[in-house]
Amino acid sequence: MTKIELLLLDVDGTLTRGNVTYTQNGEEIKSFNIKDGLALHAWNTKLARKSAVITGRECEIVKKRAEELGVEFIYTGVSDKGAVVKEILATLNLEIDQVACIGDDLNDLPMFRLIKHSYAPKDCADDIRKEAKVLLRKKGGKGAVREMIEDILRKEGRDELKKYFS
């Protein structure tokens, strides 16, 4: 496997379980998996690679969590994920074989059709299941992003996550 330099990440159903919860005051609440966060933070900081969050929803909580994890590119309120992917690839001058993506639903299809290394959580939509190159054992918001990062590093012949936390 060519070294993956960039991860493209959907949020709802991938980094979260896909639930939308509102407080009585109308504020949106999201829960993120700590294991996903640890791996993604290590990817961005310890491994000095890049990541992008691309989500169809506009949400300040997503921006806050992405910034905590060292995500360099944060796109919210996106209606065409394929266009955003092309923009990022051009900005970073990357080839599609240097990029991996993860998503769970129909709005992720344009991203999947552009990226060679596509991953999907176990509980993804059927159409994504058909397009994904790797179907993960973990569900969205339950460690799927961590599993993807570990799979990428294993395929590259690396075991770097463990090295930073042993």
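Rules behind the numbers
- Residues numbered from 1 in each chain as written.
- Predicted model: local features only at pLDDT ≥ 70, side-chain atom pairs only at ≥ 80, totals over all residues.
- Heavy atoms only, no water.
- Helix = DSSP H or I, 4+ residues; strand = E, 2+ residues; numbered from the N terminus.
- Rg over C-alpha atoms; globule rule 2.2 N^0.38 Å.
- Buried < 20%, exposed > 50% of the residue type's maximum accessible area, 1.4 Å probe, protein only.
- Pairing = 2+ DSSP bridges.
- Right-handed = clockwise from strand over helix to strand, strands pointing away.
- Arc of directions from axis to C-beta.
- Contact = heavy atoms within 4.5 Å.
- Patch = residues over 30% accessible without salt bridge, like charges linked within 9 Å, V, L, I, M, F, W, Y side chains within 5 Å.
- Areas by Shrake-Rupley, 256 points an atom, 1.4 Å probe, with all protein chains shown as cover.
- Salt bridge = Lys/Arg side-chain N within 4 Å of Asp/Glu carboxyl O.
- Lys, Arg positive; Asp, Glu negative; His and termini not counted.
- Charge placed at Lys NZ, Arg CZ, Asp CG, Glu CD.

(A) Region of interest: the overall build of the chain. Counting its regular elements, the chain contains 7 helices and 8 strands. Here the C-alpha atoms of the chain give a radius of gyration of 15 Å, agreeing with the 15 Å that 2.2 N^0.38 yields for 166 residues. For the chain, the C-alpha atoms occupy an extent of roughly 50 × 35 × 30 Å along the three principal directions. The proportion of buried residues among the 166 residues of the chain is 49%.

(B) Structural view of the pairing of strand E4 (residues 50-54). The buried fraction of E4 is high, at 4 of 5 residues. Where E4 lies against strand E5 (residues 73-75), 3 bridges are found, and the strand directions are parallel. When the bridges of E5 are listed, Val 53 appears paired with Ile 74. Handedness of the E4-helix H2 (residues 60-68)-E5 crossover: right-handed.

(C) Region of the structure containing the pairing of strand E6 (residues 99-102). Both faces of E6 are covered, namely the face carrying Val 99 and Cys 101 and the face carrying Ala 100 and Ile 102. Sheet analysis places strand E1 (residues 6-9) next to E6, joined by 4 bridges and oriented parallel. Each bridged residue has a counterpart across the sheet, and for Leu 9 the counterpart in E6 is Ile 102. Pairing of E6 with strand E7 (residues 117-120) involves 3 bridges; the strand directions are parallel. Bridge pairing in E7 places Ile 102 opposite Tyr 119. Crossover handedness for the path E6 to helix H4 (residues 109-114) to E7: right-handed.

(D) Focus on H2. Every buried residue of H2 is listed here: Val 62, Arg 65 and Ala 66. Each buried residue of H2 lies within a common arc of 100 degrees when the element is viewed along its axis, so the set occupies one face. Those residues of H2 that are exposed and aimed more than 90 degrees away from the buried face are Glu 60, Lys 64 and Glu 67. Buried-residue contacts for H2 involve helix H1 (34-46), E4 and E5. Gly 70, located one to two residues past H2, shows a positive phi value of around 80 degrees.

(E) Structural detail: the sheet that holds E5. With parallel pairing, 6 strands are arranged side by side in an open sheet as E5-E4-E1-E6-E7-E8. The open sheet is flanked by E5 and strand E8 (134-135), the only strands paired with a single partner.

(F) Structural view of a positive patch on the surface. Taken together, the side chains of Arg 17, Lys 122, Lys 139 and Lys 142 make up a positively charged region of the molecular surface. By secondary structure assignment, the location of Lys 139 is in the loop between E8 and helix H6 (144-155). The class of Lys 139 is partly exposed, set by a relative accessible area of 43%.

In short, the description is geometric, and any link to function would need to be established separately.
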